Structures are given as C-alpha cells and as structure tokens.
Amino acid sequence: MRDEILAFELTGLGAVRVQGADAERFLQGQLSGDVRRLTPERSQLSGLHNPQGRAVALLRLVRLGADDILAVLPRELAPAVTARLGRYVLRAKVKLSDESDRWRVHGVLAPDPATATQAVGFALPEQLHEQAQVGDAFVVRTGHPSSRWTILTPADSRLPLADLPSGNPDIWRRLDIAEGWPQVYAATSEAFVAQMLNLDAIGAVAFDKGCYTGQEVIARAHYRGRVKRRMQRLRSRTDCNFSPGDSGTLADGRSFRVVDAVRLDDGRCEFLAVAPLTSAERESEEAGIGTASGVPVIDAETLDLPYSILE
C-alpha cells in the first residue's frame, strides 16, 4: 500500500481553535507539551490530562498565527474538550471554539516526499512534525517512517487532492497503529495515564516545563520508578474485531485494554493496547486500566514499535 499515492478524507477528526493574546500561555498551563516550542514551521503533539494524570485527549497543535492555534483531535471529543478548557480561561485573553465544521482534514500517503510533492503540486514538508502553509491550507508531516501528511483546509477551500485516488481510512489507521501513534477516543478518555500511552516516548510530554493539569502524577511516574504498563503493538493470530476501550487477556495471562485497532483483510486484528510489559507484572489489581472479569483470551503476537519505550 505504500507504493500508491492516495488521498484520505479523515472525517473522524475535528478541531478546537484557541485564539487571543494569551493563547500560547493558556495552553502552556493546560497541556503536557511545551507549547512555547510550537512554531509556524513545526507542529506538536500534546496531551490534555485530568488532575490524576489521565489523558482526556491527544491534540495535534498547529500554529495558524501568532495568537491563533488549532488543535486537531477526534471530532467526537471536540465539544467536551472545548468545554473543559473553557472552565480554566478565567481572565485570560483567550477565545475557544469548536471549529470541526469549519475545517476539513485530509491525509496523503505516497512512496516518498518527492513523488507526493509532484502529485499534489506543491512542496510538502519532509521531516516528522514539520509544518508548511500553502495558501490557506496547513500541511504537516505526520508519518514516520511512512511518507504521510495531514492537510488542514478551511471547509470552503479546495486543494488538488480530488485528482488523487481515494484511500480507505482503514489504511491510514493501520499505519497509525504500525507507527505506534496513540489516539484517545470517547471510549478511552481519562482511562490511561500519559506514560501508558507512550506519550513520553513520542515527544508529547515535556518534563522541563512548568506546571500543567496532571503534571504532578505524570512527573512522579517518570522520576520515581519504571512504568510497568505500556502501550504495545499486537496482532491476533485468529479472527477477532476490537474497538477502542475493549478489554481482553493475552495467552500469557496479561490483561489489556485496546487503544486503537483495525481489522485486517484475513479477519485478524492489529491493535495498540495497554498491557503489563511482562507476564510477571500481570496482576489485574495493579493494572488500573479498567479491565473486567470474563474478558476473552486472545492469542496474539507482539510486534515492534518504531521507537523505544522509555523505562
């Protein structure tokens, strides 16, 4: 599938817009990433957490202007995230709005940046998280090692993506899973501490910034001991069909909860799930990830992630 040039309409993604003179400072006090490092040339992944350090949402931040930031996240979470952030505005000069209906999100998959650039007719960023503006569109390199880009456009504008073959969104989701990119949905919002989702391993947590909601719990897990439960990439050996939030038990006795999943053509399932790192750490009373009794036992193989899980 990586030998094709495909365009994807990512209708499941929405956007929350943060505008105003205090937009950066406000988000700096709410999110786990260092928002001061967000530039017009580089996007950022960052987590929004509750006071217990559990991820409410994972946001891709895109700077539209000096005092204008767009946060891309699952559309189903956009209203709740807008309302949650709104409770902390107080006297800050910030305007929050759910703009999911005002922006369209597309993806482009190509064998390499040069081929993609030729296909779409404008230069595409080549480095992970690198961002570029093309007219009123914002383009971010979001695939690594695959050549993938996320393109944000106002709903009333048009880019020459209509001329590209349309891809099944499951292809895009499978690449997210293969590259170990977590996602938080309504079914898993506030279910996982940041490190369970490997947010520290993918640069979505900055341990050298000031306070933010959930910072104390996340920092304590980082500095005081190894995190025993991490998001891992798995592939079932038999037919199954998982959705985010589903629970199960691996053949070695480790309980897991699904972060994201896609069903393969042969009926098997490839998925990201939070589970103990070893079978010796499988005690369910310590897991804290909401597994239930009577869940299915799944025979699955563990697959590599393209990054190291921090210890």
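Placed above this text is the structure.
This is a predicted model, so every value here is computed, not measured.

(A) How the structure looks around the nonpolar core. Among the nonpolar cores identified, the biggest contains 50 residues, and Phe-26, Leu-61, Leu-73, Val-81, Leu-197 and Leu-199 are the most heavily contacted of them. Looking at this core, the elements with two or more residues in it are strand E2 (13-19), helix H1 (23-28), strand E3 (44-49), strand E4 (55-65), strand E5 (68-74), helix H2 (78-86), strand E13 (255-263) and strand E14 (269-276). Looking at this core element by element, the count peaks at six residues for E4. Leaving out residues up to four positions away in the same chain, Leu-61 has contacts with Leu-31, Val-35, Leu-38, Ser-43, Gln-44, Ser-46, Ile-69, Leu-70 and Ala-71. Leu-64, Val-72, Phe-138 and Leu-152 belong to the second largest nonpolar core, which has 17 residues in total.

(B) Quick peek at H2. Every buried residue of H2 is accounted for by Ala-78, Val-81, Thr-82, Arg-84 and Leu-85. Axial view of H2: buried residues confined to an arc of 165°, hence all on one face. Its buried side turned inward, H2 meets E2, H1, E3, E4, E5 and strand E6 (95-98).

(C) Molecular detail of the sheet that holds E5. A sheet is described by the order of its strands in space; here five strands give the open sequence E3-E4-E5-E2-E6, paired in antiparallel fashion. Strands with a single pairing partner mark the edges of an open sheet, and in this sheet they are E3 and E6. The mean angle between the axes of side-by-side strands here comes to 30°, regardless of whether they run parallel or antiparallel. In the sheet, E2 pairs with E5 via seven bridges, with the strands oriented antiparallel. Among the inter-strand pairings, Leu-13 is bridged to a residue of E5, identified as Pro-74.

(D) Main features of the pattern of salt bridges. For the coordinates displayed, the defined rule picks out 22 salt bridges. Its salt-bridge partner being Glu-24, residue Arg-63 comes within 2.8 Å of it at the nearest N-O pair. One end of the pair, Arg-63, is in strand E4; the other, Glu-24, is in helix H1, with 39 residues separating them in the sequence. The class of Glu-24 is partly exposed, set by a relative accessible area of 30%. The closest approach of N and O atoms between Glu-270 and Arg-233, which form a salt bridge, is 3.0 Å. Linking Glu-270 in strand E14 with Arg-233 in strand E11 (residues 229-236), this pair joins segments that are 37 residues apart in sequence. Pair check on accessibility: Glu-270 and Arg-233 agree, each one buried. Among the charged side chains, a network of salt bridges with common partners joins Arg-174, Arg-233, Arg-235, Glu-270 and Glu-301.

Rules behind the numbers
- Residues numbered from 1 in each chain as written.
- Predicted model: local features only at pLDDT ≥ 70, side-chain atom pairs only at ≥ 80, totals over all residues.
- Heavy atoms only, no water.
- Core = buried A, V, L, I, M, F, W, Y, C linked by side-chain atoms within 4.5 Å.
- Buried < 20%, exposed > 50% of the residue type's maximum accessible area, 1.4 Å probe, protein only.
- Helix = DSSP H or I, 4+ residues; strand = E, 2+ residues; numbered from the N terminus.
- Contact = heavy atoms within 4.5 Å.
- Arc of directions from axis to C-beta.
- Pairing = 2+ DSSP bridges.
- Axes fitted to C-alpha atoms, helices over the stretch in contact; angles between N-to-C directions.
- Salt bridge = Lys/Arg side-chain N within 4 Å of Asp/Glu carboxyl O.

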